[in-house]
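Geometric and topological summary
Below, each chain spelled out in residue letters.
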Amino acid sequence: MHKRNGKRWLSAAALGTTLAAGAFAFLPTIAQAQDENSAAPSTTQADFAAAAAEFKVPLSVLLGVAHEESGWQQHSGYSNTGGWGLMNLTEVTPEMTADGPAGAAGRSDLASFTNHPELHTLRAASKLTGIPAERLQNNRRDNIRGGAALLASYQKQLTGGTSDDPSQWTAAIAKYGKLSDKKAAASYVDDVFATIKSGARRKTADGVTMKADPSAKPVSGQLGKLKLKDTSAPAAECPRSMNCQFVPAAPSNGQVSNRPDNGIKITQIIIHTTEGSYDAAIQTFQTPGGSSSQYVMRSSDGAVTQMVANKDIAFGDGNYDSNLHSIQIEHEGFSAHGADWYTTAAYRQTAKLVTYLADRYDIPLDRQHILGHDNVPGPSTSSLSGMHWDPGNGWDWTRFMRMIGAPIDDGKRGVGAVGSAVTIAPGYNRNLQTYTVCPSDDPTGAITACTQVTEPSSALFVRSAPSADAPLLLDPVIHPDPAATGGTDRVNDWSVTVQAGQRFVVAEVQGDWTAIWYDGQKGWIHNPKGKNTVLAPGARIIKAAGTAAAPVYGTAYPDVAEYPAGLSPSAQKPLAAVNYAIPVGQAYVADQPPLASADFFPSSGAVVIGAKLYYTIQFNHRYVLVNSGDVTATTSRR
């Protein structure tokens, strides 16, 4: 679920987790410590001590909770959970939800997405302390005081008073974790007490040290005071031969639905990369206010944890319309190092899971329905440039599509006539491409300076002219600098590549180069003797129907007049970015017939199905939607 300009969705608690064998620790500056007196108190240390004394919270409890919430790192609204400061005081806004994992831009019920008290602990801390929210957000001392005040209020509410014994704060610690599931809350408490028992230290100039308290242990009976739910009862929806368990995501990170029985069709499966460890992703999805996924898969052996029932909606890919119709599968790993993490076990188990799901929900096995997160468009014009780029070009689409029984490279290699369709099929292992990987692309920290890396790839670069020296095609949405002449070879720059399995219409041929209609422009791929493409006879070719360009969309909602009284319509607006349309004379490919527009209202369970039908077309590296009434559809010549 990688953001194009760096990862933002992982919570601080997840970032503090040690990765699986062969990976990296996110916070190498935090070390175990047994002696609090081995380092001089720092300003941060003094702030923790003062807040603990002021609100009568044991210092070890305050430090332990802060360590779990932030790794003792100062953050400023650093994640989609809207967390602030060392105490991770949360303030999730509708605007964050619009552009975050839910991708709820244009929805009339946007405010309801943030109508959860656990998403607004910043407000509660401000009310308790009288400190303005802005100071709680940005002033370290006040942020720590706000967290201490919250802990003390929870302790008094649950037990009637404070205590010097850390163990007696079990319920208050669990409440601070904001988790509603019994097992998830117990795991959070166990993690906090594990830190209290062992002690910890952050080795920096302004370091923090916590003395070990080996006698500290949670009082599990206190968790009953919170009336937590045991929501892990559903059986995981997996083939019987797979190693699956069910652990629920936070309720605010998705919506309860009844797909497909309620009329909302499941038409897509989205492949993601966690940009962290398996355990960290599970913990992140249990943290309110962020993202979720139906499944999380471990790299080493393909073990799976399901976190959202398939009938329900996971907030996985930043586009509500896609979330509404998709099943999301997260893979442990890092997109910048994909080949090292996408193991044979992961491919095999993912293939097994995808074929099971596709058969169950009648999902087409093509590359407009079996997708990477990097293939999903923004739901609005403003969100186009910030969409994620995982799993990246290191995911072997040729291998994977063959494993699910839908090979993309079967057929005659070549180009065909102008106006015909081709499938991108460069292979993987022999298709070596050079990308620039920068530190912001790599959460592991292994890349410390922008470095060129040559590696196998599922993608081909798209250039502005038929020459290896020509600039990469310029997408002005991704590269708005007026001085820009083209895209980049950055590993995160999805705007300049096509991927294996995607289909495009031939626009021109010159020597070893093939032009395709791409991104509202003519783009060129290196294709000597047609070795990188397979002819696609019978493909569905989409063109503008009239004398004006056909608008394209990131969502497919019904028209306003189609919503019954009492249901506020979602906004269905064309993508208005430069080049985002189908100009007269250009053509694109839709793999399947058009489908009806739809909308869903979780508060009542109401579903609205519109009369207009929308094609999914391959527009650039990502798909877009187009109203069937605005285009014509013909069959590619054989």
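Residues numbered from 1 in each chain as written. Predicted model: local features only at pLDDT ≥ 70, side-chain atom pairs only at ≥ 80, totals over all residues. Heavy atoms only, no water.

1. Digging into the nonpolar core
Where we set the bar: Among buried residues, the Ala, Val, Leu, Ile, Met, Phe, Trp, Tyr and Cys ones that are joined through side-chain atoms within 4.5 Å form a nonpolar core. Buried residues are those whose accessible area, probed at 1.4 Å on protein chains only, stays under 20% of the maximum for their type, while exposed residues exceed 50% and partly exposed ones sit between those limits. Think of it this way: any DSSP run of H or I at least four residues long counts as a helix, any run of E at least two long counts as a strand, and we number them from the N terminus. We call two residues in contact whenever any of their non-hydrogen atoms come within 4.5 Å of each other.
With 47 residues, the main nonpolar core has F48, V57, L62, V65, I173 and Y176 as its most contacted residues. Those elements that provide at least two residues to this core are α2 (43–55), α3 (59–70), α5 (121–129), α7 (140–159), α8 (170–176), α9 (182–198) and β5 (208–210). With 8 residues, α7 is the largest single contributor of residues to this core. If near-sequence neighbours (up to four positions away) are discounted, V65 is found in contact with M87, L151, I173, Y176, Y188 and V192. Within the second largest apolar cluster, 42 residues are counted, among which are W389, V491, W517 and L575.

2. Structural notes on the sheet that holds strand β20 (residues 513–518)
For clarity, the threshold we go by: When DSSP finds at least two bridges between two strands, those strands are taken to pair. Here the axes come from fitting lines to C-alpha atoms, over the contacting stretch only for helices, and the angles between their N-to-C directions go from 0 to 180 degrees.
The antiparallel open sheet is built from 5 strands, whose spatial order is β21-β20-β19-β14-β22. A strand with exactly one partner marks an edge of an open sheet, and here the two such strands are β21 (521–526) and β22 (533–535). Across this sheet, the average inter-strand angle for adjacent strands is 50°, counted without regard to direction. Bridge count between β20 and β21: 6 bridges; the pairing is antiparallel.

3. What to know about the state of the cysteines
Here is the rule we go by: Disulfides are defined in this document as cysteine sulfur pairs within 2.5 Å.
Across all of its chains, the model carries 2 disulfides by this definition. One disulfide in the model links C238 with C244; its S-S distance is 2.2 Å. Between C238 and C244 the disulfide shows an S-S torsion of about -105°. By sign, it is left-handed. On the basis of relative accessible area, C238 is assigned to the buried category, the value being 12%. Relative accessible area serves as the criterion here: at 23%, C244 is assigned to the partly exposed category. Between the sulfur atoms of C438 and its disulfide mate C450 the distance is 2.0 Å. Judged by the sign of its S-S torsion, about 115°, the bond between C438 and C450 is right-handed. Linking C438 in the loop between β15 (432–437) and β16 (451–456) with C450 in the loop between β15 and β16, this pair joins segments that are 12 residues apart in sequence. Judged by its relative accessible area of 5%, C438 is buried. Here the protein chain pairs its bonded cysteines, counted in sequence order, in the arrangement 1-2, 3-4.

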